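A closer look at the structure
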Amino acid sequence: MIKFTNVFKAFPKGGLALKDVSFHIAKGEFVFLTGHSGAGKSTVLKLVYADEPVTSGEVRVSGFNAADLRPRDVPMLRRRLGIVFQDFRLLEDRTAEENVAFALEVTGARRSSIAARVMRVLTQVGLAAKAQAYPRELSGGEQQRVAIARALVNEPSVLLADEPTGNLDERATRGVFQLLRDINASGTAVVMATHDLDLVRQAPYRVIELQEGALVYDSAVDESRDQAATP
Amino acid sequence: MNLTIREALLAFRRAPLLSALSVTTIAFSLFVVGLFGLVAVNLQDALRGVAERVEIVAYLLPGTPIEPITLATKDIEAFPEVQSATYVSEDSALARARAELVEFRDVLQELERNPLPASIEVKLRPRFRDADHVNDVAERLRGFGFVDDVRFGRDWVEKLDRLRQVAAAVGLVVGAAFAVVAIIIIGTTIRMAVLQRSREIAIMRLVGATNGFIRRPFLLQGAIKGMLGGLVAIGLSYGAYTLINRWLIQASFFSNEQAVAIVGFGTLIGLFGSAASVGRHLRRV
Ligand SMILES: Nc1ncnc2c1ncn2[C@@H]1O[C@H](COP(=O)(O)OP(=O)(O)OP(=O)(O)O)[C@@H](O)[C@H]1O
Ligand SMILES: [Mg+2]
């Protein structure tokens, strides 16, 4: 599904953001991406959704090779992904419903099918009642739910979330996290970058930790080795 | 397609000020180009009017019998450059002088002998009304034995030639300069519109919009702005024309085709201006 092989990423200004990173995320997995600020979490996600070119190594995402993607393949790749950010990135002058519908319209979906699909995901994230609200009329947690609904409406096989709870209080954080778990339970893989170690400890999911651009811990690899090592 | 139109129109509602600014700048740029066009159109008309009067007159020796003159007039009319050749007898020359020179009517009335020679008046076809052809025809007229003298405003014809060239050159240079300025200004206002919506464009790309999809509403919007600008420019030009006509000089306005061309030009500028701005923006991010 997502496979990094010996990936290096250097930014034109600045040093190496990723150094020899390799991992494989399977269909339907839930993975935490952790590490200190500046460790390279966002960079990993940017390589996945082809926002940045790969410097060297191979990045495969659901059949696409992100390392040598033609520019016109980028939108096709992104339609298979759902992406959620810390700052929500909603359009301020559109209602919740319109924000979600926007992601479908952009792909040229049939108009007749859009309204029903939008209502279905808004119901899934628990915001059906606020479909007509504008972002400024919604709380942070509610705005993030709209963003998640927008990410889900194209039925992606992977949901990428870059610190989705970074701007939320504890209650809203728990709600959004539970929503992501539900989404994962229904079969969608989730890759979530976060600093929130409480959240990470709470759930029995795979953890990939970065430190200054290097992968220093991957529970899927290290725990099985630990188990093999302990008698 | 529906979606493109909806998004393009939505942009007018979301950013009415910027949209109005774009339309106004396009309108004024085209207005200046249009004013210059009006001057050119009227100058052309004036020059054509002047050129109309380019005439060569061959004065005949007194006492020439009428038959060779009639034959010669036919010959002259057969010259490829010549539009008409008219024989004016001594008597009709006098009659015309009496009619035209009212102040001297008494003097002319009292004449015992007609002092005016007979002549052949030659008019050239429009495209031969320049110094070279006029000289050429005059030379051929001198070849007739009974022609005493050939007259035409030599300086005048040459000046007309130069005026034509200058008018064409200045028209081309100034028109092109204003067109370039218009394109730059329009490109800038559309660039502002693009920057204002850069967040929206970023989000569109994130959810998988193709560049073509993102570009289309901007192109439509640019074309609409250009067209509106063109229409306003025609309106402004018409206002200016009306004022000039009433207070200054009798002038003529654009033909329908020229008006349509200006609106079309505005539309194209809007289209290409936005294509360039959006294209640059999409390549950069
Ligand atoms: N566009 C860029 N140009 C230059 N350097 C960059 C760019 N983006 C990121 N970097 C650098 O790459 C490194 C990794 O950044 P990244 O955003 O991936 O960190 P992060 O783990 O997401 O941090 P945070 O938890 O603060 O979001 C940092 O040193 C950062 O300065
Ligand atoms: Mg980050």
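Thresholds applied
Residues numbered from 1 in each chain as written. Chains lettered and ligands numbered in written order. Predicted model: local features only at pLDDT ≥ 70, side-chain atom pairs only at ≥ 80, totals over all residues. Heavy atoms only, no water. Helix = DSSP H or I, 4+ residues; strand = E, 2+ residues; numbered from the N terminus. Rg over C-alpha atoms; globule rule 2.2 N^0.38 Å. Contact = heavy atoms within 4.5 Å. pLDDT = per-residue confidence, 0-100. Patch = residues over 30% accessible without salt bridge, like charges linked within 9 Å, V, L, I, M, F, W, Y side chains within 5 Å. Areas by Shrake-Rupley, 256 points an atom, 1.4 Å probe, with all protein chains shown as cover. Salt bridge = Lys/Arg side-chain N within 4 Å of Asp/Glu carboxyl O. Buried < 20%, exposed > 50% of the residue type's maximum accessible area, 1.4 Å probe, protein only. Domains from an automatic or database assignment. Near = heavy atom within 4 Å. Polar contact = N/O pair within 3.5 Å; in protein donor to acceptor, adjacent residues only side chain to side chain. Nonpolar A, V, L, I, M, F, W, Y, C, P; charged D, E, K, R; others polar. Core = buried A, V, L, I, M, F, W, Y, C linked by side-chain atoms within 4.5 Å. Axes fitted to C-alpha atoms, helices over the stretch in contact; angles between N-to-C directions. Parallel < 35°, antiparallel > 145°, perpendicular 65-115°, else oblique. Left-handed = near helix turned anticlockwise from the far one by under 90°. Lys, Arg positive; Asp, Glu negative; His and termini not counted. Buried area = accessible area lost by both parts, 1.4 Å probe. Pairing = 2+ DSSP bridges.

Turning next to the overall build of chain A. Secondary structure summary: chain A contains eight helices and 10 strands in total. The C-alpha atoms of chain A give a radius of gyration of 18 Å, which matches the 17 Å a tight globule of 231 residues would have. With the C-alpha coordinates aligned to their principal axes, the bounding extent of chain A is approximately 55 × 40 × 30 Å. For chain A, long-range pairs separated by at least 24 residues make up 69% of all intrachain contacts whose partners lie at least 6 apart in sequence.

As a further point, take the confidence of the model for chain B. Put simply, chain B has an average pLDDT of 82, and 95% of its residues get 70 or more. If you check the scores for this complex, the pTM reads 0.73 and the ipTM reads 0.86.

With that out of the way, let us pick up a nonpolar patch on the surface. Residues and elements named next belong to chain B. Taken together, Leu243, Trp247, Leu248 and Ile249 make up a surface patch of nonpolar side chains, about 520 Å² in accessible area. Within the secondary structure, tryptophan 247 sits in helix H9 (residues 211–247). Its relative accessible area of 64% is what places tryptophan 247 among the exposed residues.

Moving on, we come to the domain arrangement of chain B. As assigned here, chain B comprises domain 1 (2–49 + 161–284) and domain 2 (55–151). Its C-alpha centre places domain 1 of chain B at a distance of 53 Å from the equivalent point of domain 2 of chain B.

As a further point, take the site of ligand 1. Residues and elements named next belong to chain A. Around ligand 1 sit 13 residues in total, of which Ser37, Gly38, Lys41, Ser42 and Thr43 are the nearest. At 2.9 Å, a backbone N or O of glycine 40 approaches an oxygen atom of ligand 1. The protein chains hide 63% of the 630 Å² of surface that ligand 1 would expose on its own. With three residues, helix H1 (residues 41–48) is the largest single contributor of residues to the shell around ligand 1. Among the residues making up the shell around ligand 1, the classes are represented as three nonpolar, seven polar and three charged.

The next thing to look at is the nonpolar core. Residue and element names in this part refer to chain A. Ranked by size, the top nonpolar core spans 57 residues in total, and within it Phe32, Ile148 and Met192 carry the most contacts. Non-local contacts of isoleucine 148, meaning those with residues more than four positions away in its chain, are made with Val84, Val125, Val176, Leu179, Leu180 and Ile183. Formed by 35 residues, the second largest nonpolar core is a distinct cluster that contains Val7, Leu18, Val31 and Ala50.

Residue and element names in this part refer to chain A. In this fold, phenylalanine 4 is placed in strand E1 (residues 2–10). With relative accessibility at 2%, the residue phenylalanine 4 sits in the buried group. C-alpha separation for the pair phenylalanine 4 and leucine 47, spaced 43 residues apart in sequence, amounts to 9.6 Å. Excluding residues within four positions of it along the chain, phenylalanine 4 makes contact with Val21, Ser22, Phe23, Val44, Leu47, Val48, Glu58 and Val59.

The subject of this paragraph is the packing of helix H5 (residues 140–152) of chain A against helix H6 (residues 170–185) of chain A. Residue and element names in this part refer to chain A. Two elements in contact, H5 and H6, have axes separated by 10 Å at closest approach and are oriented at 15°. Considered as vectors, H5 and H6 are oriented roughly parallel to each other. Handedness of the crossing formed by H5 with H6: right-handed. Residues Gly141, Gln144, Arg145, Ile148 and Leu152 of H5 pack against Ala172, Gly175, Val176, Leu179, Leu180 and Ile183 of H6. For the contact of H5 with H6, the per-class residue count stands at seven nonpolar, three polar and one charged.

Turning to the side chain of lysine 225 of chain B, a few remarks are in order. All names here are of chain B. With respect to the helices and strands, the residue lysine 225 is situated in helix H9. This buried residue, lysine 225, is left without a salt bridge; glutamate 200 holds the nearest opposite charge, at 12 Å. Among residues more than four places away in sequence, those in contact with lysine 225 are Phe12, Ser19, Ser22, Val23, Ile26 and Ala193.

With 21 residues of chain A at the contact, the number on the chain B side is 17 residues. Buried surface at the junction of chain A and chain B, both sides included, amounts to about 1600 Å², of which 59% is carbon and sulfur. The tally of links from chain A across to chain B stands at three salt bridges. The salt bridge involving glutamate 92 of chain A is made with arginine 199 of chain B; its shortest N-O contact spans 3.9 Å. Across the contact surface, chain A and chain B share five residue pairs in polar contact (both at pLDDT 80 or more). Mapped by element, the contributors of at least two residues to the side of chain A that touches chain B are helix H2 (74–79), strand E6 (81–85) and helix H3 (96–105) of chain A. The class makeup of the residues in the side of chain A that touches chain B is 10 nonpolar, two polar and nine charged.

Strand pairing in a sheet takes place through backbone hydrogen bonds and is either antiparallel or parallel in direction. Residue and element names in this part refer to chain A. Taken in spatial order, the six strands make up an open sheet running E6-E7-E8-E3-E9-E10, and their pairing is mixed. Only two strands of the sheet have a single neighbouring strand rather than two, namely E6 and strand E10 (214–218). Shown here is a sheet whose adjacent strand axes are inclined to one another by a mean of 20°, direction ignored. For E6 and strand E7 (residues 158–162), the ladder comprises five bridges, and the chain directions are parallel. Across the sheet, the residue bridging to isoleucine 83 is leucine 160, located in E7. Packing of H5 onto the sheet brings it into contact with E6 and E7, and relative to E6 it is tilted by some 165°.

Before going further, it helps to examine the environment of isoleucine 269 of chain B. Structurally, the position occupied by isoleucine 269 of chain B is in helix H10 (residues 256–284). Remark: the alpha-carbon pair of isoleucine 269 of chain B and tryptophan 247 of chain B, spanning 22 residues in sequence, is separated by 33 Å.

A few words now on the sheet that holds strand E4 (residues 147–151) of chain B. Residues and elements named next belong to chain B. One open sheet accounts for four strands, arranged E2-E3-E1-E4; its pairing is antiparallel. Sheet topology places strand E2 (82–88) and E4 at the edges, where each strand pairs with a single neighbour. The average undirected angle you get between the axes of adjacent strands in this sheet is 20°. In this sheet, strand E3 (residues 119–124) lies alongside strand E1 (residues 55–60) in antiparallel orientation, the contact comprising five bridges. Within the sheet, the bridge partner assigned to valine 57 lies in E3 and is glutamate 121. The sheet strands contacting helix H3 (residues 66–77) are E1, E2 and E3, and the helix crosses E2 at an angle near 165°.

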